[in-house]
Amino acid sequence: MTSPRVLVTRRLPEGGLDPLINAGFEIVGPRDDDTPYSSEELLGLAESVDAIVCLLTDLIDYEILSVGAAHSLRVIANVAVGYDNIDWRSAHRLGIEVSNTPGVLDETTADAAVLLMLAASRLTFAAESDLRAGDWPGWGITQYLGVDIHGATLGIIGFGRIGRAVARRAQGFGMRVLHHSRRETGEPGYMDDLDELCRVADIISIHTPGGPDTVHLIDGRRLALMKTTAVLVNTARGSVVDEAALAEALHAGSIFAAGLDVFEREPEVHPRLLTAPRTVLLPHIGSASQATRRNMALSATNAVAQYLQGGRPANLIAREPNSD
Ligand code: GLV
């Protein structure tokens, strides 16, 4: 019997491939120079593998899935908690399972959300840029005046694992924590009305999944509801915020500041955001600690090893009712 073949699209953190190696699987990819495969290349590779371990930068569309399903592709493991890069509904219809990496990156990503709250609220980017450019004239009582995060009202949008990890941190800052989510949580601070949360929060932090259901959830209209002192933080998916509208709000001063780790068309960043005042921009590093990225890789490769050996990994994405 030939051993299963697993396509690994990009280089993983050290040790990340161990579950596949230990299972004796044949590993295909990544390229020596770690450049991403094009859609055409993925399509070709999908014909000859049993599993794919991919990253959120790989678009796994219907075409790739149907070619894979017609051959031997049975499982796709996304090395990310979000999986809006995979047409997972089609995968399920075609009999292919999809897994993600829930649980292992919550705390690291929540740390990054707090980092952005602090950096954006306290204008650290502008202050440090001046200092590095030699433009700091010395201490001044009216310089770089930010807004406080301690005691502020935090509005968390999306109250899954990461949103809750942010809420725990916010308690330590003495914040009043409100949250909105698709389903009523019945927990203290729940707000059914997202518009109202936008109106009352001092800091808004986004923790929803990406995908069609949340595209531009924060649009120009909701930005206009926010306080002029509001700070918006996004460590979830760029598509949740209308970037052009956010850039305009920041330029116009209709909200105070923003901290963004994710963008609508990564790695492109909206040019008006690059020049927006009081804005901190990070290159999608929310989960980027050494330990967490390694655990994400292991979560994905363990899922593939388990599934191809007849098991049912706990991190398979649940099928929607009637998806078969
Ligand atoms: C990162 O953005 C992830 O979804 O894991």
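Coordinates for the structure precede this section.
Asker: Give a detailed account of the sheet that holds strand E11 (residues 279-281), specifying residues and quantitative values.
Answerer: Spatial strand order, E7-E6-E8-E9-E10-E11: 6 strands in an open sheet with parallel pairing. Both edges of this open sheet fall to strand E7 (176-180) and E11, since each of them pairs with a single strand only. Within the sheet, the average angular offset between the axes of one strand and its neighbour, ignoring direction, is 15 degrees. The pairing of strand E10 (residues 257-260) with E11 spans 3 bridges and is parallel. Note on E11: the bridge partner recorded for Ala258 is Thr279. With respect to the sheet, helix H10 (residues 243-252) is in contact with strand E9 (231-234), E10 and E11, its orientation differing from that of E10 by roughly 145 degrees.

Asker: For the side chain of Ser205, give the residues involved together with the corresponding values.
Answerer: In this structure, Ser205 sits in strand E8 (residues 203-206). Take Ser205: its relative accessible area is 0%, and that puts it in the buried class. Here the side chain of Ser205 touches His207 through a polar contact of 2.7 Å, side chain to side chain. What Ser205 contacts, discounting residues up to four positions off in sequence, is Ala113, Met117, Leu154, Gly155, Ile156, Ile157 and Val233.

Asker: Give me the packing of helix H2 (residues 39-46) against helix H3 (residues 62-70): which residues, what numbers.
Answerer: The packing of two helices is summarised by the inter-axis angle and the distance between the axes. Interaxial distance between H2 and H3 falls to 8 Å at its minimum, and their mutual angle equals 15 degrees. On the basis of their axis angle, the class for H2 and H3 is roughly parallel. H3 is crossed by H2, and the crossing has right-handed handedness. The segment H2 lies against H3, with Ser39, Leu42, Leu43 and Ala46 engaging Glu63, Ile64, Val67 and Gly68. Looking at side-chain class alone, the contact of H2 with H3 contains 5 nonpolar, 2 polar and 1 charged residues.

So, how was this worked out
Residues numbered from 1 in each chain as written. Predicted model: local features only at pLDDT ≥ 70, side-chain atom pairs only at ≥ 80, totals over all residues. Heavy atoms only, no water. Pairing = 2+ DSSP bridges. Helix = DSSP H or I, 4+ residues; strand = E, 2+ residues; numbered from the N terminus. Axes fitted to C-alpha atoms, helices over the stretch in contact; angles between N-to-C directions. Contact = heavy atoms within 4.5 Å. Buried < 20%, exposed > 50% of the residue type's maximum accessible area, 1.4 Å probe, protein only. Polar contact = N/O pair within 3.5 Å; in protein donor to acceptor, adjacent residues only side chain to side chain. Parallel < 35°, antiparallel > 145°, perpendicular 65-115°, else oblique. Left-handed = near helix turned anticlockwise from the far one by under 90°. Nonpolar A, V, L, I, M, F, W, Y, C, P; charged D, E, K, R; others polar.

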